[in-house]
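What the coordinates show
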Amino acid sequence: MNCIANVWGSKPTQSEAGKSGKLMELPKDSMLSNEHLTHNLGRRTASGGIIALCAQALILLTQVGYMALMARLLQPDDFGLVAMAAAATAFVGVFADLGLSMVTIQREEVDHDTVSALFFVNLGVGFALMPLTWLMAPVATWIFNDPRVFDLILVLALAIPITAAGAQHKALLVRNMRWMSLQGVNLGSLLCGFAVGVAMAWGWDFKYWSLAAATLTTASVGTIGLWILSPWRPTRVANWMNAKSAIGFGIHYSGSQFTNYINRQSDNVLIGWKSGPGELGFYTRAYSLFMLPITLVSGPIGSVIIPMLSRLQARPAEWARTYLSAMRLTLMMNAILCILITINAQGIVALVYGENWSKSGTILMVLSLSLITSISGQFGGWALISMGRARELFVFSIFSSAIRFAAFLFAVQWGAPGVALAWSITSWVFTPVLWLYATRNTELLFSDLVKAAAPFFFAYIAIVALFRFFWSSVGLSSDILSLPAGGNIMLNSIVTIVIYGIFVVAPYRFAGSMLGDMRLFLDKDVRSGG
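Residues numbered from 1 in each chain as written. Predicted model: local features only at pLDDT ≥ 70, side-chain atom pairs only at ≥ 80, totals over all residues. Heavy atoms only, no water.

So, the overall build of the protein
The helix and strand tally for the protein stands at 24 helices and 0 strands. Put simply, the protein has 530 residues, and 54% of those count as buried. Summarising the internal contacts of the protein: among those between residues at least 6 apart in sequence, 85% fall at separations of at least 24. Here the protein displays about 22700 Å² of accessible surface, and carbon together with sulfur accounts for 68% of that area. (Helix = DSSP H or I, 4+ residues; strand = E, 2+ residues; numbered from the N terminus. Buried < 20%, exposed > 50% of the residue type's maximum accessible area, 1.4 Å probe, protein only. Contact = heavy atoms within 4.5 Å. Areas by Shrake-Rupley, 256 points an atom, 1.4 Å probe, with all protein chains shown as cover.)

Some details on a nonpolar patch on the surface
Taken together, the side chains of V139, W142, I143, W273, F405 and L409 make up a nonpolar region of the molecular surface, amounting to roughly 650 Å² of accessible area. Put simply, the parts of the chain that give the nonpolar patch at least two residues each are α6 (112-144) and α19 (390-411). In terms of residue count, α6 provides more of the nonpolar patch than any other element does, 3 residues in total. Within the secondary structure, W273 sits in helix α12 (residues 241-275). Relative accessible area serves as the criterion here: at 49%, W273 is assigned to the partly exposed category. (Patch = residues over 30% accessible without salt bridge, like charges linked within 9 Å, V, L, I, M, F, W, Y side chains within 5 Å. Salt bridge = Lys/Arg side-chain N within 4 Å of Asp/Glu carboxyl O.)

Some details on unusual backbone geometry
Its identity is not glycine, yet K207 carries a phi of approximately 55°, on the positive side. With respect to the secondary-structure elements, K207 resides in the loop between α10 (179-202) and α11 (208-229). Positioned with a positive phi, N441 is a non-glycine residue whose angle comes to about 60°. Considering the arrangement of structural elements, one finds N441 in the loop between α20 (415-438) and α21 (446-471). Given a relative accessible area of 76%, N441 falls into the exposed group.

Brief notes about the nonpolar core
Judged by nonpolar contacts, the single largest core of 125 residues is most densely connected at Y283, Y323, M327, W382 and Y500. Top contributing element to this core by residue count: helix α15 (residues 316-343), with 15 residues. Membership of the second largest hydrophobic core comes to 5 residues, among which are V110, V115, F119 and W232. (Core = buried A, V, L, I, M, F, W, Y, C linked by side-chain atoms within 4.5 Å.)

What to know about the confidence of the model for the protein
With 78% of its residues at a pLDDT of 70 or more, the protein has an overall mean of 78. Of all the helices and strands in the protein, helix α1 (residues 2-8) carries the lowest mean pLDDT, 34, while α20 carries the highest, 93. (pLDDT = per-residue confidence, 0-100.)

What to know about the environment of C338
Relative to the assigned elements, C338 resides in helix α15. Separated by 35 residues in sequence, C338 and T373 place their C-alpha atoms 9.8 Å apart. Filtering out sequence-adjacent residues up to four positions away, C338 remains in contact with L371, I372, I375 and Y460.

Some points on helix α16 (residues 345-353)
Of all 9 residues making up α16, 7 are buried, and the element is well covered by its neighbours. All of the buried residues along α16 are A345, G347, I348, V349, A350, V352 and Y353. Positive phi shows up at G354, right after α16, with a value of about 105°.

Points about the packing of aromatic side chains
This model, assessed by the stated rule, comprises 19 aromatic pairs. Between the aromatic rings of F408 and W423, the centroid separation amounts to 6.2 Å while the plane-to-plane angle is 10°, which identifies the pairing as stacked. Here F408 is found in helix α19, whereas its partner W423 is found in helix α20, with 15 residues between them in sequence. Here the aromatic rings of W435 and F457 are separated by 6.3 Å at their centres, their planes lie at 80°, and the arrangement is edge-to-face. With a gap of 22 residues between them, W435 in helix α20 and F457 in helix α21 connect regions that are remote in the sequence. Each of the two residues, W435 as well as F457, counts as buried. Members of the aromatic cluster, joined through ring pairs, are Y283, Y287, F290, F408 and W423. The residue whose ring lies beneath R404 is W423, and the NZ or CZ to ring-centre distance is 4.0 Å. (Phe/Tyr/Trp six-rings, centres within 6.5 Å; stacked < 30°, edge-to-face > 60°. Lys NZ or Arg CZ within 6 Å of the ring centre and 35° of its normal.)

Things to note about the pattern of salt bridges
Taken as a whole and judged by the stated rule, the model has 6 salt bridges. The partner of E318 in a salt bridge is R315, with the nearest N and O atoms 2.7 Å apart. As a salt-bridge pair, E392 and R440 come within 3.1 Å of each other at their nearest N and O atoms. With E392 in helix α19 and R440 in the loop between α20 and α21, this pair connects stretches of sequence that are 48 residues apart. Note on R440: relative accessible area 40%, which makes it partly exposed. One network of salt bridges, in which partners are shared, links D77, D146 and R148.

Considering the environment of E318
Relative to the helices and strands, E318 is located in helix α15. Considering only alpha carbons, one finds E318 and E443, 125 residues apart in sequence, at a separation of 9.2 Å.

And the structure:
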């Protein structure tokens, strides 16, 4: 009974906190307080970035190893079936969080009632969406004309309420910059999921069911880990007032996430509908490799930069300076990865998946042409989210998703490579538009973003053109030098790194820009308060 009372017991009312209507004063070590984070904010962000990058490197190696092994144990048809089912579950699952996790991260102050209310909303919506997903199973089966999709959707839908149960705990860990805990949960849950998937595919030949089991295991272990590492527990909600205002922000953010889903899943749906699971399997494996730079660098940096920028939203000049520094550093690390994937697309696919997946190499080569713009487009999202402008992000995402869907619908007649080309072209169009849109009413100018990004864009275009039109023409290829795929990738990578270091990193370093950017994340005096 004591445990039940502790978790579900009542809280002090707002009147007990003071008649001024302000939030209760919280102890410094509380998961709901950010006062202790205002000191050494830059260093906390820098250490978080380092931890996230190191952890993501481990996760990346694990994912690549898992994909390489599963690609040899399963067929493209198996991956295509799971992608079809995931398109339906992701369609519903995007609403499970309602953007309420970002509310907890982005808000300057939160109280226990608000977070508890958001937790119960998350959980209720998650359990409501699960049967809704089941109702979509017959529709998806009809669209894809494959009865196996029906059972997969029923099983994968279980992950929706499981993930929702840990959403607020994860948000509080992010808010408190508990980077080691977060990355430990991410890596541990993935390892458990991958172990289950490989065991089912290799030991018992469960085929596509092994991929579904890996997804459910990862979700379950992740939620359990978040509850263990976050000491916060929900209680009965005494006052829903703050939660109601927070839900407004969350709905707009969730709307932008939904339209982002349209961007990320409509290509899968159209390819699966037009060409079947085999073609979709080739596309999804290429897309997984395409996402590596975003997963390895851009994603982890964004996860630590958004909380930092959110703490600085009341100090516009410092917010703008930090934003540009983060943008330059992110592009410096990502541009080299974008170049390496673009020039080595065929070799990477052959090395990771095997020779039977050569069609994925062609698709990856086309997709990779938009890598640097896909990464740069995220910077606009950082600005809008950290300033609490979720509604504007939602509006932009509606128009961009509609245009991209129309482009996919036109391009799907040429199969997966045509859809990949449509993705690349629209990405080059949307990125500068989003920058212009996001810099309105801020200390930033559109020209500031262009100047910050120009050296890295130019380096990407120049080095890729060098390899495409000169390197191959002089005969330095794997066929002439008798190198295997891995050796050719290594040779290309060494040459690229040398060129990039001499003509991009060195000027950036000697001009003082790199040290100036890094200093913002090492300065003790970067604080969030006024």
